[in-house]
Structure formats: structure tokens, C-alpha cells
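Coordinate inspection notes
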Amino acid sequence: MTFAMLEFLGLYLLAASMHPHRGVLLGGWRSIATPRATVIAGWSLVALSFGLAVAGPAPTDIVTWFGLLPMASGSILLGLSFAPHLVRAAMIAGLAGGLAAMLLH
């Protein structure tokens, strides 16, 4: 399920590349991460997650990837609408959990 973490992070970076969301999602990193860099990083992570899902051992990984696409983007959208500070915290917690799962696997 590493691809799920990468997919969410890639969609997060794509949302952060949009001008209205940059300040909320990037915080102090806004000056370092240019919009072009976040777009390239976001699409690269989405493509990498898709590649991992296609090459995954379970035949349902590709279906899970397509199912997570609207779920991840919807959670970012709802978070931006109702609790923007929680979106960044959820991304950091998800990233930490995903990295821990990769190390323990």
C-alpha cells in the first residue's frame, strides 16, 4: 500500500501548486517550493504510485489505486473547505505512517 501514500502526497502537492491553496498547504515552505516544482513533484509521485500499483503483487492494486484517487482528492478538498490546518497535519501523519509501514514491512 505504499502507492496509496505516494498518491495522496502527489495529489497534496498538486493542490499546493494552485495559487489559492499555497499558503494554507505549504506554510513556511511556500518560499522554497515554487509552483512549477510542486507540479512536477506532484505528477511524478502520482505516476510513481500508479507504476507501483500496476507492478504490485495483488491483482486488486490497480483497482485500489483508482478507488483512492477520488477519495484522496475529496479528502483534500473537504479539508481545504472546512479545516485547512488539519489537511497539513493529516498529510504529515500519513507520510510518517507510510514510511513506518515501509520500514517495518
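To keep things clear, this report deals only with the structure shown in the data block. Just so you know, these numbers come straight off a predicted model, no measurement behind them.

What follows deals with the overall build of the protein chain. A tally of regular secondary structure across the protein chain gives five helices and zero strands. Ordered by position from the N terminus, the helices and strands of the protein chain form the series α-α-α-α-α. Its C-alpha atoms give the protein chain a radius of gyration of 14 Å, near enough to 13 Å, the size a compact globule of 105 residues would have. C-alpha extents for the protein chain along the principal axes are approximately 40 × 25 × 25 Å. A burial count over the protein chain gives 35% of its 105 residues as buried.

Another point: helix H3 (residues 35-55). In an α-helix there are 3.6 residues to a turn, and that puts residues three or four apart on one side. In this model H3 runs 30 Å from its N-terminal to its C-terminal C-alpha over 21 residues, within 8% of the 30 Å that 1.5 Å per residue would give. Looking only at H3, the buried set comprises Thr 38, Gly 42, Leu 45, Val 46, Ser 49 and Ala 53. Summarising the axial view, the buried residues of H3 lie within an arc of 95°, below the 170-degree limit, and thus occupy one face. Exposed and facing more than 90 degrees away from the buried side of H3 are Arg 36, Trp 43, Val 54 and Ala 55. Structurally, H3 contributes buried residues whose contacts are with helix H1 (2-16), helix H2 (22-26) and helix H4 (61-82).

What counts and how
- Residues numbered from 1 in each chain as written.
- Predicted model: local features only at pLDDT ≥ 70, side-chain atom pairs only at ≥ 80, totals over all residues.
- Heavy atoms only, no water.
- Helix = DSSP H or I, 4+ residues; strand = E, 2+ residues; numbered from the N terminus.
- Rg over C-alpha atoms; globule rule 2.2 N^0.38 Å.
- Buried < 20%, exposed > 50% of the residue type's maximum accessible area, 1.4 Å probe, protein only.
- Expected span 1.5 Å × (residues − 1).
- Arc of directions from axis to C-beta.
- Contact = heavy atoms within 4.5 Å.

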